[in-house]
Amino acid sequence: MLGHGVASANSYSEKRPWLDCTQALFAPTALTRLRARLRRLELDHALAEGADPTSSPLLAARAAQLVTPAARHRLAAALERLVLTGDAPPTRWRVTPGGRAMDGNRRRVLDLAATLRRGGLLYARGVAILELVLIDGTGPTYTDARGEGLARQLELAGSSLGG
């Protein structure tokens with residue numbers, strides 16, 4: 001009987017590759033988290049385009065970084081500042097949205113910022129899209145003269161936040 005317990009313990013501790021994969025995704029190492037932060041623009045583009053965060057430890061680490069409460073509040077504050085600076089002329093130190101990009105989209109940007117501030121489950125794809133709306137200087141926020149491209153991006157972000 002005693003030997004039976006030892007045999008069970010040994011068979012339980014056998015190597016399980018699926019467990020290693022799960023640990024790499026849900027408990028990334030400090031090095032993986034650092035690499036994800038350094039490659040955030042590339043990873044944000046991949047997540048925004050619909051890449052599965054569970055397909056690699058780097059994507060999983062970046063997705064986890066995007067949906068933290070601190071990151072969500074930081075992004076919400078930045079979106080609110082973007083709305084406020086939308087009418088101001090560009091200066092040497094500040095880039096403002098292009099043309100009338102903010103005119104018809106102010107309410108939607110503020111609604112999305114409020115969604116980010118609320119608690120609850122949000123998907124990394126939607127947060128990544130909003131991150132790119134904010135920081136991508138070649139995106140519709142800064143290059144769309146009429147705001148139609150920005151409206152599409154905001155609609156996609158809103159629908160992606162919830163699933």
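All values derive from a computational prediction rather than experimental measurement.

Asker: How should the overall build of the protein chain be read in this particular structure?
Answerer: Secondary structure assignment for the protein chain yields 10 helices and 0 strands. Secondary structure elements of the protein chain, listed N to C terminal, follow the sequence α-α-α-α-α-α-α-α-α-α. The proportion of buried residues among the 163 residues of the protein chain is 36%. In the protein chain, 68% of the contacts between residues at least 6 apart in sequence involve partners at least 24 apart. Accessible surface, the protein chain as shown: approximately 9800 Å² in total, 60% of it carbon and sulfur.

Asker: Mind showing me how you'd approach the nonpolar core here?
Answerer: Buried together is how nonpolar side chains tend to be arranged in soluble globular proteins. Core analysis: the biggest nonpolar cluster contains 35 residues, and Leu75, Leu79, Leu116, Leu130, Leu154 and Leu161 have the highest contact counts within it. Broken down by element, this core gets its largest block of residues, 8 residues, from helix H8 (residues 124-135). With residues up to four places along the chain from it excluded, the contact list for Leu116 reads Arg72, Leu75, Ala76, Leu79, Leu122, Val127, Leu130 and Leu161.

Asker: Whenever I open this one, the pattern of salt bridges confuses me. Can you help?
Answerer: If charged atoms from side chains of opposite charge come close, those side chains can pair. By the definition in use, this model includes 7 salt bridges. Between Arg117 and Glu80 there is a salt bridge whose closest N-O contact spans 2.9 Å. Residue Arg117 is found in helix H7 (residues 106-117), and its partner Glu80 is found in helix H6 (residues 69-85); the two are separated by 37 residues along the sequence.

Asker: Before we go on, may I ask you to explain the side chain of Arg62 in this structure?
Answerer: Among the secondary structure elements, Arg62 is positioned in helix H5 (residues 57-66). The buried category is assigned to Arg62, whose relative accessible area is 4%. With sequence-adjacent residues up to four places away left out, Arg62 is seen in contact with Ala36, Arg37, Arg40, Leu43, Asp44 and Leu47.

Asker: Can you help me understand the layout of surface pockets in this one?
Answerer: Gaps left between atoms are located by rolling a probe of water-molecule size over the structure's atoms. Counted as a void, the largest pocket has a volume near 150 Å³. Taken together, Arg37, Arg40, Arg62, Gln65, Leu66, Thr68, Ala71, Arg74 and Glu131 form the lining of the largest pocket. For the lining of the largest pocket, the elements supplying multiple residues, two or more each, are H5 and H6. If you tally residues by element for the lining of the largest pocket, the top one is H5, at 3 residues. Grouping the constituent residues of the lining of the largest pocket by class yields 2 nonpolar, 2 polar and 5 charged.

Asker: Just to check I follow, could you spell out the packing of helix H4 (residues 40-48) against H5 for this structure?
Answerer: Any two packed helices are characterised by how steeply their axes cross, that is the angle between the axes, and by the distance between the axes. With their axes 10 Å apart at the nearest point, H4 and H5 run at an angle of 90° to one another. On the basis of the axis angle, H4 is roughly perpendicular to H5. Each of Arg40, Leu43, Asp44, Ala46 and Leu47 in H4 lies in contact with H5, whose residues at this interface are Leu58, Leu59, Arg62, Ala63 and Leu66. Here the residues of the contact of H4 with H5 are counted per class, giving 7 nonpolar, no polar and 3 charged.

Conventions used here
Residues numbered from 1 in each chain as written. Predicted model: local features only at pLDDT ≥ 70, side-chain atom pairs only at ≥ 80, totals over all residues. Heavy atoms only, no water. Helix = DSSP H or I, 4+ residues; strand = E, 2+ residues; numbered from the N terminus. Buried < 20%, exposed > 50% of the residue type's maximum accessible area, 1.4 Å probe, protein only. Contact = heavy atoms within 4.5 Å. Areas by Shrake-Rupley, 256 points an atom, 1.4 Å probe, with all protein chains shown as cover. Core = buried A, V, L, I, M, F, W, Y, C linked by side-chain atoms within 4.5 Å. Salt bridge = Lys/Arg side-chain N within 4 Å of Asp/Glu carboxyl O. 1 Å grid on protein atoms, 1.4 Å probe; cavity = no way out; pocket = protein on both sides within 12 Å on 5 of 7 lines; lining within 4 Å. Points joined across faces, edges and corners; volume = space filled by probe spheres on them. Nonpolar A, V, L, I, M, F, W, Y, C, P; charged D, E, K, R; others polar. Axes fitted to C-alpha atoms, helices over the stretch in contact; angles between N-to-C directions. Parallel < 35°, antiparallel > 145°, perpendicular 65-115°, else oblique.

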